Amino acid sequence: METAEQSPYRASLEARKQQRDDELWFVAEIFMQAFRDDEINRTRLASIRSFLERLNVRDVQEAMEAATGKMPWSRDRAFRYFCGICWNKVNQSGAQAAGGVRGR
């Protein structure tokens with residue numbers, strides 16, 4: 001039996017899941033449109049999802065736009081470049097967070 005408290009919580013979880021899925025496909029569409037593809041493989045989707053868990057959607061979007069703009073002739077190179085940009089952003093944000101702790 002579901003209580004009244006569980007229902008809003010479940011709705012909140014569902015809304016957040018839908019938002020994450022929308023963000024995933026928003027970034028994936030940039031890649032797919034750049035290469036005029038109708039689909040994207042699961043491994044690439046998993047990578048995009050992983051970066052969206054570590055970075056905000058705007059940073060991931062900018063990384064995908066930069067990568068597809070710089071290497072429009074190769075899906076593989078563009079995606080690897082995208083991943084490199086994202087990892088650099090992740091490392092920068094981690095260094096900034098650690099810097100704040102050390103700077104006491």
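As shown above, the structure is provided for reference.
Bear in mind the structure is a predicted one, so any value in this text is a computation, not a measurement.

Conventions used here
Residues numbered from 1 in each chain as written. Predicted model: local features only at pLDDT ≥ 70, side-chain atom pairs only at ≥ 80, totals over all residues. Heavy atoms only, no water. Helix = DSSP H or I, 4+ residues; strand = E, 2+ residues; numbered from the N terminus. Contact = heavy atoms within 4.5 Å. Salt bridge = Lys/Arg side-chain N within 4 Å of Asp/Glu carboxyl O. Buried < 20%, exposed > 50% of the residue type's maximum accessible area, 1.4 Å probe, protein only. Phe/Tyr/Trp six-rings, centres within 6.5 Å; stacked < 30°, edge-to-face > 60°.

A.B. asks: So what's going on with the side chain of Arg-44? Which residues, and what values?
C.D. replies: Its place among the elements puts Arg-44 in helix H2 (residues 42-54). Excluding its chain neighbours within four sequence positions, the residues that come into contact with Arg-44 are Phe-31, Arg-75, Asp-76 and Phe-79.

A.B. asks: Go over unusual backbone geometry, please, and point to the residues and values.
C.D. replies: For Arg-36, which is not a glycine, the phi torsion comes out positive at approximately 55°. Tracing the sequence through the fold places Arg-36 in the loop between helix H1 (6-34) and H2.

A.B. asks: Give me the lowdown on the environment of Arg-77, citing residues and values where you can.
C.D. replies: Among the structural elements, Arg-77 can be located in helix H4 (residues 75-102). Taking the C-alpha atoms as reference points, Arg-77 and Ala-67, separated by ten residues in sequence, lie 8.5 Å from one another.

A.B. asks: Explain the pattern of salt bridges residue by residue, including any values.
C.D. replies: Enumeration according to the criterion identifies six salt bridges in this entry. A salt bridge links Arg-58 to Glu-62; its shortest N-O distance comes to 3.2 Å. On the criterion of helical spacing, the pair formed by Arg-58 and Glu-62 is a turn pair, its members being four residues apart in helix H3 (residues 57-70). With relative accessibility at 32%, the residue Glu-62 sits in the partly exposed group. In this structure, Lys-89 and Asp-59 form a salt bridge, with 4.0 Å as the shortest nitrogen-oxygen distance. Of this pair, Lys-89 sits in helix H4 while Asp-59 sits in helix H3, and the two are 30 residues apart along the sequence. We classify Asp-59 as partly exposed; its relative accessible area is 21%.

A.B. asks: I'd like to hear about the packing of aromatic side chains, residue by residue, with values.
C.D. replies: Applying the stated criterion to the full structure yields five aromatic pairs. A centroid spacing of 5.0 Å and a plane angle of 55° characterise the contact between Phe-31 and Phe-35, whose relative ring orientation is tilted. Judged on exposure class, the residue Phe-31 and its partner Phe-35 are both buried. Consider the rings of Phe-31 and Phe-79, whose centres lie 5.5 Å apart with planes at 85°: the pair is edge-to-face. Residue Phe-31 is found in helix H1, and its partner Phe-79 is found in helix H4; the two are separated by 48 residues along the sequence. Each member of the pair, Phe-31 as well as Phe-79, is classed as buried. Through a chain of ring-to-ring contacts, the aromatic side chains of Phe-31, Phe-35, Phe-51, Phe-79, Phe-82 and Trp-87 assemble into a single cluster.

Everything listed here is a matter of geometry and, on its own, says nothing about what the molecule does.
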